[in-house]
Amino acid sequence: MSTTELPPGWEKACLGDVLLRVEAGKSFTCEPRQARPDEWGIIKVSAMTWGQFDEGENKAVPEGREVNPAYEIQAGDILVSRANTRSYVGAPVLVGNTRPRLLLSDKSLRLVPGESINKRWLVHFLSSPAARDFVSETATGTKDSMRNISQQALLKMPMAVPPLAEQLRIADVLEDYLSRLDVAEASIRRSVRRSDHAWASVLNSVARGDLNGRTVHAGLRLVSEVAVVGGGIQKQQKRRPVRNTFPFLRVANVARGKLDLDEIHQIELFDGELERYQLERGDLLVVEGNGSPDQIGRAATWRGEISHAVHQNHLIRVRPSEELLPRYLELIWNSPLVIDQLREVSRSTSGLYTLSTAKVKSVKIPVPSLADQESLVDDADIWETRINAARVVLQSAAARSRHLRNSVLNKALAGALIPQDPQDEPASTLLERIEIERAKGVKRRSNRTPRPRRAAAAVAAEPYLTPSVITPIPSDAIQQEFEL
């Protein structure tokens, strides 16, 4: 949001100008389970990811470990994700009612605004396109899977501060508009889920041979009887592309029922390897392992999109014989009936899900006549066209909803959505009041004698808006184990 022309009574500022302090959490090595209600737990970044605080996203603090209650999360806290993916780093939440004994993590920050700042308005500002763009541009990190925003950078976020009375009016009107969009977006998500369920039903009907009321009888055959199953190439240092390079498909390129070929890596091949590993039109590429059992064995057909392509060893190639149509094989392979079988054969005693060429060969699939396969494929393609058309409409509706949300936020936070009241106390006065409030808070804390504690205990959070009072991550911190 541009702050060059402000409504009457508004004031240019930075985020640091409206805060008394920012508190950074403590890092612990946590247990890999959720804390019981009577235990201390530390929140994960996923507790702040989806716009509302999720108290269930926590990990238990080991029994007997000393904690500092000053880090306990309270109703009314404004929390920000300090480290997260590009889309969610800096994501704010306003905590409602929550269970006790939940602590800030080292990947979260608690923003404490002055009394002249409405918390609801501030969270809306932090969710606005302008604030999100600032965080995206300022966050550091080379990987999208983990971006970081520092406290110092966050404090410099530019903003336009309205009078307190107008903050309240903006928050009220925003929540009215946004609640309507929430209802619309929930309806869109339900419709998307229904379209997914419809397609899964079509895939199951193909596998059962009863699509569109027809009855196709087919015996179950081992994959090894009707296809050639092979592994891929392991990525190693010696295969760094130098002279004899070829396109190299990875797990990231294979979704369920489709290929994503936007980013193709290269790999070095040696004598005879191209003939051995080159993909052929009609090959089914199967993902051998995934952290989620729902994604195990997902597969897509190679249609010769790139010449002389090979694949990595974490993809299993299923080359259908003349008894199988490649499109039919792809449809039934991604059906819930076959997915359940893949999940079962891939399950290990350690709880992981991993396929191998031997396990894939042991899977049983229905193999009707080629004529019946062709009829099932034709009917499935008609259903897919209809379902995809519905999905396009839903995607358009979701995009329109996002555009409306951003537009409403931008207008409201620029003072263009509701009229101003010249009788409101100007923002310059409230900023001065916050500065006095902050100075008193710093003085009060600096005169306090800290209580003794063990080295492993959490360090009390300090106010910061100047370098001398920035809350550091404790030097004795132990790396915390968080799931993103």
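Residues numbered from 1 in each chain as written. Predicted model: local features only at pLDDT ≥ 70, side-chain atom pairs only at ≥ 80, totals over all residues. Heavy atoms only, no water.

### Describing the overall build of the protein
Scanning the protein for helices and strands turns up 12 helices and 23 strands. Here the protein holds 484 residues, and the buried ones make up 46% of them. Sequence-distant contacts, at least 24 apart, represent 80% of the contacts inside the protein between residues at least 6 apart. Counting every atom, the protein has about 24300 Å² of accessible surface; 51% of that belongs to carbon and sulfur. (Helix = DSSP H or I, 4+ residues; strand = E, 2+ residues; numbered from the N terminus. Buried < 20%, exposed > 50% of the residue type's maximum accessible area, 1.4 Å probe, protein only. Contact = heavy atoms within 4.5 Å. Areas by Shrake-Rupley, 256 points an atom, 1.4 Å probe, with all protein chains shown as cover.)

### Regarding the environment of P92
Positionally, P92 belongs in strand β7 (residues 92–94). With a relative accessible area of 7%, P92 lands in the buried category. Note: C-alpha distance between P92 and F53 (39 residues apart in sequence) is 9.1 Å.

### Details of the sheet that holds β7
Taken in spatial order, the 4 strands line up as β2-β9-β5-β7 in an open sheet, and their pairing is antiparallel. Looking at which strands have only one partner, the edges of the open sheet turn out to be β2 (19–24) and β7. Strand-to-strand twist in this sheet, taken as the mean axis angle between neighbours without regard to direction, amounts to 25°. Contacts between helix α2 (residues 119–126) and the sheet are confined to β2, β5 (78–81), β7 and β9 (108–113), with β7 contributing the most and set at about 160° to the helix. (Pairing = 2+ DSSP bridges. Axes fitted to C-alpha atoms, helices over the stretch in contact; angles between N-to-C directions.)

### Focus: the packing of aromatic side chains
Across all of its chains, the model carries 1 aromatic pair by this definition. An angle of 20° between the planes, with centres 6.2 Å apart, marks the rings of W121 and F125 as stacked. Residue W121 and its partner F125 are both found in helix α2; the two are separated by 4 residues, about one turn of the helix. Accessibility assignment for this pair places W121 and F125 in one class, buried. (Phe/Tyr/Trp six-rings, centres within 6.5 Å; stacked < 30°, edge-to-face > 60°.)

### With respect to the confidence of the model for the protein
Averaged over all residues, the pLDDT of the protein equals 88, while 88% of them reach at least 70. For the stretch residues 444–484, pLDDT sits under 50, and the model shows 105 contacts to residues farther than four places along the chain or on other chains. (pLDDT = per-residue confidence, 0-100.)

### Observations regarding the side chain of S81
Within the element layout of this structure, S81 appears in strand β5. Judged by relative accessible area, which is 0%, S81 ranks as buried. When sequence neighbours within four positions are dropped, the list of residues in contact with S81 reads V45, M48, Y88, V89, G90, A91, K107 and I149.

### A look at the nonpolar core
Counting residues in each nonpolar core, the largest one holds 46 residues, and the members touching the most others are L15, V18 and L122. Among all residues touching L15, those that are not within four sequence positions of it are L111, L122, L126, L154, L155, M157 and M159. By size, the runner-up hydrophobic cluster in this structure holds 35 residues, among which are V206, I316, L324 and V338. (Core = buried A, V, L, I, M, F, W, Y, C linked by side-chain atoms within 4.5 Å.)

### A few points about the environment of A390
Position of A390 relative to the elements: it lies in helix α11 (residues 370–413). The class of A390 is partly exposed, set by a relative accessible area of 35%.

### With respect to a positive patch on the surface
A cluster of basic residues, R189, R190, R193 and R194, forms a positive patch on the protein surface. Turning to its location among the elements, R190 is positioned in helix α5 (residues 164–208). (Patch = residues over 30% accessible without salt bridge, like charges linked within 9 Å, V, L, I, M, F, W, Y side chains within 5 Å. Salt bridge = Lys/Arg side-chain N within 4 Å of Asp/Glu carboxyl O. Lys, Arg positive; Asp, Glu negative; His and termini not counted. Charge placed at Lys NZ, Arg CZ, Asp CG, Glu CD.)

### Describing the sheet that holds strand β15 (residues 245–249)
Spatial strand order, β18-β15-β21: 3 strands in an open sheet with mixed pairing. In this open sheet, the two strands that pair with only one neighbour each are β18 (265–268) and β21 (310–311). Where β15 lies against β21, 2 bridges are found, and the strand directions are parallel. Within the sheet, the bridge partner assigned to L249 lies in β21 and is H311.

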